[in-house]
Structures are given as structure tokens and as C-alpha cells.
Amino acid sequence: MRDSSRLLKLLGLPGSVSAGAQAAAAEFPVLVPHSFLFRMRRGDPDDPLLRQVLALEEEQLESAGFGDDPVGDDLARQAPGMLQKYRGRVLLITTGACAVHCRYCFRRHFPYSEAPHRPADWQPALDRIAADPTIQEVILSGGDPLVLADDRLAALWGRLEQIAHLRRVRLHTRLPIVLPARVTSELLSLLTTSRLQPVVVVHSNHARELVADCAEALLRLSRAGGIMVFNQAVLLQGVNDTVTALEELSESLLRLGVIPYYLHQLDKVRGGAHFEVAVSRGLQLVEALRGRLPGYAIPRYVQEVAGESSKQPLFESDRLS
Ligand SMILES: *Cc1c(COP(=O)(O)O)cnc(C)c1O
Ligand code: SF4
């Protein structure tokens, strides 16, 4: 679904779209798979799933400190399609495409056209990884790496397997959440038959995403054997900025065998300011979770700061440990 007005009408809402919202969608198109749409509540303009994908005129407001490259990706570029910010792990931009367009996405202005398109384009990045024995983990990111067809993914994976010092491959993907049919048995067999340890980090922000076909897909992943499955969420105004929403998200993830990993403070991307939750509020929320959930169910509340050697913990006891 690529049309705001049709999306609204399908949900039983007035289909009128303001000129500002149309301009926002012209810059970063609306894109929502049907599976995700079917999990939205009809007739609710504040539905937390809808809010993540609906272009709004607020995106057109300029906000101080919000820019096109909020996390310093440009400076971290080491080879075409390869970013390194942290010791021991590198990130590959495998594609610019996603199955969904999240309005708060920190890479919504990323210059994807410069990333590799053909298999041969990966050679400089692979050469760099092969030449640096401190790199133990490769993160396939994007865009969304699971937008790649299985044969493309398997081909890249196979080349990584040949680099002897690599131990893990991590997928950063939202496809199991928004397009669960992508979790095929072919994909599971690629992940579970490799010499490289597979880690899958999905991206869900609300418990109501984790139902029906999505719940089944996450169970297939977490029960496939040997795959570590984590979730990262972004703290988003009007989506998950309550204790109840965060508690239910953690509970739903655990039920499906997924460990809450990170709760990200919003990256200050131009067009995303209306999603921002103050850090002081985020700290209150995480403190409240501490009183309600086992330690392993509490995500680390972090912020990405350009130039730092890791994601920066915001919660005090995470900082001290
Ligand atoms: C976020 C990120 C990682 C992963 O960080 P972890 O703390 O290991 O999850 C790796 N590389 C880049 C460039 C990143 O932005
Ligand atoms: S799936 Fe990830 S990369 Fe794609 S639009 Fe959403 S947040 Fe951005």
C-alpha cells in the first residue's frame, strides 16, 4: 500500500490528506505491506502501527538539531556499502529497499544509490574485512537485508563464510515483523546450516505488531535452533511512550522467544521531530519497567552519538556496569 488516502479509507478513517502530508510523502513515500495493515485497528486515527507509517504534515517542520545524517554514517564509510563505527563489527548496507517506510527512520535521507548493487561491487568491502582480523561480526543492514532474494543473500553469506576470522553474521531486519511470509524454510536453512553463528535483530515497537502471522514467524525463527533473536525498538511519541506499552512489548517478545535488546532514543533525523520523547521521560519509563519485569526483559535504553565507540547507555546503572 503506497497511498495515504487509500490506507486511511481501508481503516475506516476520513481519506483526506493535507498538502503538507502529501509533500512529506513525496519526499519519502508511504509504504506499508498488507500484513502490517491488517494488524491496525479500524477507525482509530491514533493506532500505534498506523502512526509509524502515515506521512504527516509535521514532517515538513524544520526543527533545530534535526538533520539528514543524524548518526554520522557519512564519516563511518570505509568502503562502498560498508560502515564501521565500533570495534569488532562492521555493517553492510546490502540494499536501500525496505518493505515498510517508517516515518522516523534515521536513514530516510541516506544516499543509498552509492551502495553496491552487483555482487562484484562488494569486493572492496570484503577485502577490507578479510584484511582485518579484529572484525568478528558482520551486520547485514540496509534498508532491509531480507528484501534480498534468498540466492543473493546466500551468495553474500557464502563469501563471508570464507573469511576465516569471522564468527557471526547478524541480520538487522524488520521483515519478520512487517512481512512475516519472508521467514521461509529456505531462509531458516541458510541461517542454521552455516559455520557462522546467526544473530537476528528484528525491529518492533509495539505489542500489537506481534500477533497473527508475525507471531508465527518469530516463533519459527526463535525455535529454528541456534539462532539468537533480539529486538530493537525506538522510543516513539504516541506509539510506545507509556510504561504499559513498553511492558507489553517486552512480554510479547519473550513469549515468542525474542530478547528485548535496545530501546533507542530517537535519532534526530529531519522529518522525525514529532516522534521525539524527552530523555528524562525515557529514563522514568525504564525505571518503571525495572519495578515490573525481570532484568532480561528490560531493553538497554541507548542513544547513538556520532563519533562514539559504542551506542551510549542512558540509564544510569547501565552506564556504571
Ligand atoms: C548500531 C551499529 C552497530 C551495532 O552496535 P551493537 O551495539 O553491536 O548492537 C554496528 N555498526 C554500526 C555502524 C552501527 O550503527
Ligand atoms: S525498516 Fe528500518 S531501515 Fe527500513 S524504513 Fe524502517 S527503520 Fe528505516
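Residues numbered from 1 in each chain as written. Chains lettered and ligands numbered in written order. Predicted model: local features only at pLDDT ≥ 70, side-chain atom pairs only at ≥ 80, totals over all residues. Heavy atoms only, no water.

(A) View of the sheet that holds strand 1 (residues 77–79). The 10 strands are arranged 1-2-3-4-5-6-7-8-9-10 in an open sheet whose pairing can be described as mixed. Here the strands that pair on one side only, and so sit at the sheet edges, are strand 1 and strand 10 (312–313). When strand 1 meets strand 2 (residues 82–86), the two strands line up antiparallel, connected through 2 bridges. For R77, the partnering residue across the bridge sits in strand 2 and is L83. In the packing of helix 10 (residues 243–255) onto the sheet, the strands contacted are strand 7 (228–234) and strand 8 (259–264), and the crossing angle to strand 8 comes to about 145°. (Pairing = 2+ DSSP bridges. Helix = DSSP H or I, 4+ residues; strand = E, 2+ residues; numbered from the N terminus. Contact = heavy atoms within 4.5 Å. Axes fitted to C-alpha atoms, helices over the stretch in contact; angles between N-to-C directions.)

(B) Quick peek at the packing of helix 10 against helix 11 (residues 279–290). Contact pair helix 10 / helix 11: the axes reach a minimum separation of 9 Å and the direction vectors enclose 55°. The orientation of helix 10 relative to helix 11 falls into the category oblique. As helix 10 packs across helix 11, the resulting crossing turns out to be right-handed. For the pair helix 10 and helix 11, contact is made by V243, L246 and E247 and by L285, A288 and L289, respectively. (Parallel < 35°, antiparallel > 145°, perpendicular 65-115°, else oblique. Left-handed = near helix turned anticlockwise from the far one by under 90°.)

(C) Up close: the site of ligand 2. What surrounds ligand 2 is the set C98, V100, C102, C105, G143, R174 and H203. Of the residues belonging to the shell around ligand 2, the class tally is 4 nonpolar, 2 polar and 1 charged. (Near = heavy atom within 4 Å. Nonpolar A, V, L, I, M, F, W, Y, C, P; charged D, E, K, R; others polar.)

(D) Representation of the layout of surface pockets. In this structure, the largest pocket encloses a volume near 970 Å³. Those elements that provide at least two residues to the lining of the largest pocket are strand 2, strand 3 (89–93), strand 4 (137–141), strand 5 (168–173), strand 6 (197–203), strand 7 and strand 8. The leading source of residues in the lining of the largest pocket is strand 2, at 4 residues. Looking at side-chain class alone, the lining of the largest pocket contains 22 nonpolar, 13 polar and 11 charged residues. (1 Å grid on protein atoms, 1.4 Å probe; cavity = no way out; pocket = protein on both sides within 12 Å on 5 of 7 lines; lining within 4 Å. Points joined across faces, edges and corners; volume = space filled by probe spheres on them.)

(E) Region of interest: empty space enclosed by the protein. A complete count under the given rule lists 1 cavity of 30 Å³ or more for this structure. Of the voids in this model, the largest cavity is the one considered here, and its volume is about 70 Å³. Surrounding the largest cavity, N231, A233, L246, L249, S250, L253, P260, Y261, Y262, L263 and P299 form its lining. Of all the secondary-structure elements, those providing two or more residues to the lining of the largest cavity are strand 7, helix 10 and strand 8. For the lining of the largest cavity, a count of residues per class yields 9 nonpolar, 2 polar and no charged.

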